[in-house]
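What the coordinates show
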Amino acid sequence: MTFEIPADWPADVREKISTLSESIEFNSTSTNGQNGYVAFGRNRITNADVAVKFYYWGGESEFHLEPKTLTSLSSASPYILKVWDAGYAGDEWAYYVTPLCKGGDLEGLIAAGFCGTKRAIEICSDVLHGLCSLHQRRFIHRDLKPGNVYLDGKKGVIGDFGSIAALPEGKDTIPASKHSLLYRPPESCASDEYGFEGDIYQVGILLYQLLGGRLPYDENEWLSDAQKSHAASLSCPEDRIYIDDCIKQIIAKGKLLDMSSLPPVVDERMRRIIRKATNKDPSKRFKSASDFLAKLSEAKLKVRDWLPQSKMLLMRDRTSYRVSGDGPFTVEKRRTGGWKTDHSLSELTQLNEIIRIIEDRPQR
Amino acid sequence: MLFYGGDIKGNDLILVAATKDAAGNLHFHGDQCTKITLLASDQEGVKAFHKSLEGFVTAHGITAVSLRARSVGGPYKGGPAGFKIETIVQMLNSVRVTIVSPLTISAWAKKGATLPKPKFTYQQQALEAACFEADKAGG
């Protein structure tokens, strides 16, 4: 199979790939990256699968993270993707080389829907752990979203450093990253400011999505009928600007998340955590990543672990429960031995009522 | 430089930061402190405690903690949860933990050190441990 560098990639990037080809056998590219170019390959000596990301930094040189600093992050935390190599490609592009995570990113996990309460908490805790390391060094990620968190085995690791920036001493905010509009915090839509609280907001959205919350990527779903027809009457690129402005207004009002879209198994404690992390007012969010992490660790001990399992919901505990059907529901329980139908709940038609009764039952 | 003192009370680990300025005055840093609770003594509880503690230590760049020693006997001896907490703190990879006897801290405090006031009463003994360390290190 011969690999060809896409013709529409910038000349500097193409030239650097040619140079890197001496040590890396490139085999494919990704079209998913919105803020750069990604090529995949295998190291010719170690046989390790690698990803090479090229990112533009020419416009933000004041806050740009030098490749040298980026490489040093490798040892900062086990929850930050290792950077094996980094450098410049011309005057406006930089690149870094990371291992290829076979588990992929969180997009796939989120597309499958609710991934389990404790699993969602664990992944977000990993991300927050990585954030603690970044924030302690006064780095902010600015682009935390499912596509930028990878699964290394069961562990979540922060990746994609294309938007990462250093927050200078004495400054609380810097300009926001222009990428991934849906994940931009309200303050960045209103005044183009981004600080540590912005990263906390983005992890809050990540938690919401992992717990099954709805966040449509199709921009039309955010527009009212009147806005859709107005957008249709505009020519490119004015339509694009108009749609972005409409979405920014929703974000700025703090109305992006629809808490009612969360499945009934997500209890009030978890909903409160999401609301606090994604509060419109940055000062009302968790004070730090470590505070958020502590709250999640505490919640993990108290929430019931509901898991999706082939068209049913399973809750494992001393007495386990499983709920199947679309209404009427079948509720089964098991303490020892096999599953037995729980007739006391067979009359109920509302799933959230069934869940509430099961959760209220003492387990220990 | 911030110096951290720790005290274990029941199921709680209290971590408090102090500094010593050039004039020799000791200061309390209320915004750099925490109280982490071991909510359950089972496997999950211990792991959750460890993760919270590791997060705080990482976020604040803590490299050393002076932990007030717990009694192993007598009417004020520590409970089993406290032993777990003490072990978890000592097992942190990136942190040098020094166990300091309460008697040593009292003896130092009696020599005339002016201790700052903590925000909460429960932080008092952790603050003494932090100030002891700051004073010993010379600021």
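What counts, and at which threshold
Residues numbered from 1 in each chain as written. Chains lettered and ligands numbered in written order. Predicted model: local features only at pLDDT ≥ 70, side-chain atom pairs only at ≥ 80, totals over all residues. Heavy atoms only, no water. Salt bridge = Lys/Arg side-chain N within 4 Å of Asp/Glu carboxyl O. Helix = DSSP H or I, 4+ residues; strand = E, 2+ residues; numbered from the N terminus. Axes fitted to C-alpha atoms, helices over the stretch in contact; angles between N-to-C directions. Parallel < 35°, antiparallel > 145°, perpendicular 65-115°, else oblique. Contact = heavy atoms within 4.5 Å. Nonpolar A, V, L, I, M, F, W, Y, C, P; charged D, E, K, R; others polar. Buried area = accessible area lost by both parts, 1.4 Å probe. Polar contact = N/O pair within 3.5 Å; in protein donor to acceptor, adjacent residues only side chain to side chain. Pairing = 2+ DSSP bridges. Core = buried A, V, L, I, M, F, W, Y, C linked by side-chain atoms within 4.5 Å. Buried < 20%, exposed > 50% of the residue type's maximum accessible area, 1.4 Å probe, protein only. pLDDT = per-residue confidence, 0-100.

**Observations regarding the pattern of salt bridges**
All names here are of chain A. All told, the structure shown has 25 salt bridges over all chains when counted by the stated rule. We note a salt bridge from Asp-360 to Arg-356, for which the minimum N-O separation is 3.6 Å. Here Asp-360 pairs with Arg-356, and both are found in helix α11 (residues 351-360), just 4 residues apart, close to one helical turn.

**Points about the packing of helix α9 (residues 268-277) of chain A against helix α10 (residues 289-302) of chain A**
Residue and element names in this part refer to chain A. Two elements in contact, α9 and α10, have axes whose closest approach is 10 Å; the angle formed by their N-to-C orientations is 170°. Relative to α10, the element α9 lies roughly antiparallel. Side by side, α9 and α10 meet where Arg-269, Met-270, Ile-273 and Ala-277 of the first sit next to Phe-292, Lys-295, Leu-296, Ala-299 and Lys-302 of the second. Counted by class, the contact of α9 with α10 contains 6 nonpolar, no polar and 3 charged residues.

**Some remarks on the interface of chain B and chain A**
On the chain A side, the residues contacting the 14 residues of chain B number 15 residues. Buried surface at the junction of chain B and chain A, summed over both partners, amounts to about 1,300 Å²; 63% is from carbon and sulfur atoms. When the buried area of chain B at its contact with chain A is split by residue, Leu-39, Glu-44 and Lys-51 of chain B rank highest and sum to 40% of it. In this structure, Glu-44 of chain B engages Lys-118 of chain A in a salt bridge whose closest nitrogen and oxygen atoms are separated by 3.3 Å. Joining chain B to chain A, the criterion identifies 4 residue pairs in polar contact (both at pLDDT 80 or more).

**Some remarks on the sheet that holds strand β3 (residues 26-37) of chain B**
Adjacent strands of a sheet form backbone hydrogen bonds with each other and so pair up, either parallel or antiparallel. Residue and element names in this part refer to chain B. The sheet built from 5 strands is open, its strands ordered β3-β2-β1-β4-β5 with mixed pairing. Of all strands in the sheet, those with a lone pairing partner are β3 and β5 (96-100), marking the two edges. Across this sheet, the average inter-strand angle for adjacent strands is 25°, counted without regard to direction. As defined by bridge partners, strand β2 (residues 12-20) adjoins β3 across 8 bridges and the pair is classed as antiparallel. Bridging from a neighbouring strand, Leu-15 pairs with Thr-34 of β3. The sheet contacts of helix α1 (residues 43-59) involve β1 (3-9), β2 and β3, and relative to β3 the element is tilted by about 155°. Against the sheet, helix α2 (residues 80-91) touches β1, β2, β4 (64-68) and β5, its axis set at about 140° to β5.

**Let's talk about the nonpolar core**
Core analysis: the largest hydrophobic core is formed by 86 residues, its most contacted members being Leu-207, Met-270 and Phe-292 of chain A. No other element matches the 9 residues that helix α4 (residues 117-136) of chain A contributes to this core. Contacts of Leu-207 of chain A, omitting those with residues within four sequence positions, involve Ala-120, Cys-124, Met-270, Ile-273, Ile-274, Phe-292 and Leu-296 of chain A. Core analysis: the next-biggest nonpolar cluster, separate from the first, contains 21 residues, Tyr-4, Leu-15, Phe-56 and Val-65 of chain B among them.

**Side note on the sheet that holds strand β3 (residues 49-56) of chain A**
Residue and element names in this part refer to chain A. With respect to topology, 5 strands assemble into an open sheet ordered β1-β2-β3-β5-β4, the strand pairing being antiparallel. Across the chains shown, the open sheet's two edge strands, defined by having one partner strand only, are β1 (24-30) and β4 (85-89). Sheet twist, expressed as the mean angle between neighbouring strand axes with direction ignored, is 25°. Where β4 lies against strand β5 (residues 93-99), 5 bridges are found, and the strand directions are antiparallel.

**Observations regarding unusual backbone geometry**
Residues and elements named next belong to chain A. In this model, Arg-138 sits at a positive phi of 65°, which is unusual for a non-glycine residue. The topology assignment puts Arg-138 in the loop between α4 and β6 (139-140). For Arg-142, which is not a glycine, the phi torsion comes out positive at approximately 70°. Tracing the chain through its elements places Arg-142 in the loop between β6 and β7 (149-152). Of the residues examined, Arg-142 reaches a relative accessible area of 4% and is grouped as buried.

**Brief notes about the confidence of the model for chain A**
Looking at chain A as a whole, the pLDDT averages 88, with 95% of positions reaching at least 70. By mean pLDDT, the top-scoring element of chain A is helix α6 (residues 196-210) of chain A (97), and the lowest-scoring one is helix α2 (residues 67-72) of chain A (72).

**Digging into the pairing of strand β8 (residues 155-158) of chain A**
All names here are of chain A. Bridge count between β7 and β8: 4 bridges; the pairing is antiparallel. By the bridge assignment, Val-149 is partnered in β8 with Ile-158. The hairpin turn running from β7 into β8, its antiparallel successor, is 2 residues long, and Gly-153 in that turn takes a positive phi close to 70°.

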